[in-house]
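Remarks on the overall topology
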Amino acid sequence: MNFVSIRIITGDVARLVAFYERVTGVVAAWANDDFAELGTPTATLAIASTRTVPLFAPGSARPAENHSVITEFLVDDVDGVHRNLTGFVTDFVAGPTTMPWGNRSLLLRDPDGNLVNFFTPVTEQARKKFAGTGKPL
């Protein structure tokens, strides 16, 4: 089995896609007005309209209600990402912080309130863990 994507359900696909294109530098591939994907070398972030939810199970997903999942992006320079996003991101939860497990992390919320973490491994152990996982954003 391979983990290939995570999908965010939103009431405004265009707004959320524009946000993720800006913060990641990845251009989305649009299937239609209700669905777009931002592909990276290791996984895909899919963004879908609330209109797609009934295709799976009516009422099974609601936009802007996530309080438990953090979408994470490996980057070369988390401090540089922070500088680049200052003035664009309106909700930084935590500025660049070195975590006990060896990653320097930047936590923010997207326009729907979903948590997003950009991180750079800074210890030897953390760098080894992520070696070969693809080129960081």
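Everything that follows concerns the structure shown earlier in this document.
Just so we're clear, the structure is a prediction, and the values are computed from it rather than from any experiment. (Residues numbered from 1 in each chain as written. Predicted model: local features only at pLDDT ≥ 70, side-chain atom pairs only at ≥ 80, totals over all residues. Heavy atoms only, no water.)

Of the strand pairs in this sheet, strand β2 (residues 29-32) and strand β3 (residues 35-39) are connected by 3 bridges, and their pairing is antiparallel. Its bridge partner lying in β3, W30 is registered against A36. In this antiparallel pair of consecutive strands, β2 and β3, the connection spans 2 residues. By the bridge criterion, 5 bridges tie β3 to strand β4 (residues 44-49) in an arrangement that is antiparallel. Directly across from G39, in β4, lies its bridge partner T44. (Pairing = 2+ DSSP bridges. Helix = DSSP H or I, 4+ residues; strand = E, 2+ residues; numbered from the N terminus.)

Looking now at the sheet that holds β4. Strand order across the open sheet formed by 4 strands is β1-β4-β3-β2, with mixed pairing between neighbours. The sheet is open, and its two borders are formed by β1 (5-10) and β2, each paired with just one other strand. Shown here is a sheet whose adjacent strand axes are inclined to one another by a mean of 20°, direction ignored. Bridging between β1 and β4 involves 6 bridges; their strand directions are parallel. Within β4, the residue paired with I6 across the bridge is L45. Docked against the sheet, helix α1 (residues 13-24) engages β1, β2, β3 and β4, running at close to 160° with respect to β4. (Axes fitted to C-alpha atoms, helices over the stretch in contact; angles between N-to-C directions. Contact = heavy atoms within 4.5 Å.)

On to the pattern of salt bridges. Tallying each qualifying case throughout the model produces 7 salt bridges. One salt bridge in this structure joins D79 and R104, with 2.8 Å as the shortest N-O distance. With D79 in helix α3 (residues 78-85) and R104 in strand β7 (residues 103-109), the pair connects residues that are 25 residues apart, well separated along the chain. When its relative accessible area of 24% is taken as the criterion, D79 is described as partly exposed. With a closest N to O distance of 3.4 Å, E124 and R127 form a salt bridge. Pair noted here: E124 and R127 are both in helix α4 (residues 124-130), with a separation of 3 residues, about one helical turn. Residue classification places E124 among the partly exposed residues on the basis of a relative accessible area of 45%. Here R127 falls in the partly exposed class, since its relative accessible area comes to 39%. (Salt bridge = Lys/Arg side-chain N within 4 Å of Asp/Glu carboxyl O. Buried < 20%, exposed > 50% of the residue type's maximum accessible area, 1.4 Å probe, protein only.)

Let's shift gears to the packing of aromatic side chains. Enumeration over the complete set of coordinates arrives at 4 aromatic pairs. Relative to F118, the ring of F73 has its centre 5.4 Å away and its plane inclined at 20°; by these criteria the two rings are stacked. In this pair, F73 sits in strand β5 (residues 70-74) while F118 sits in strand β8 (residues 115-121), placing the two residues 45 residues apart along the sequence. Residue F73 is classed as buried on the basis of its relative accessible area of 9%. By relative accessible area, F118 is classed as buried at 0%. Over the face of the ring belonging to F88 we find R22, whose NZ or CZ atom lies 4.8 Å from the ring centre. (Phe/Tyr/Trp six-rings, centres within 6.5 Å; stacked < 30°, edge-to-face > 60°. Lys NZ or Arg CZ within 6 Å of the ring centre and 35° of its normal.)

As a further point, take the sheet that holds β7. What the 4 strands build is an open sheet, ordered β5-β8-β7-β6; its pairing is mixed. Two strands lie at the open edges of the sheet, namely β5 and β6 (92-98), each paired on one side alone. Taken pair by pair, the neighbouring strands of this sheet meet at an average axis angle of 15°, ignoring direction. The pairing of β6 with β7 spans 4 bridges and is antiparallel. By the bridge assignment, T97 is partnered in β7 with S105.

Taken by themselves, the reported measurements are silent on function.
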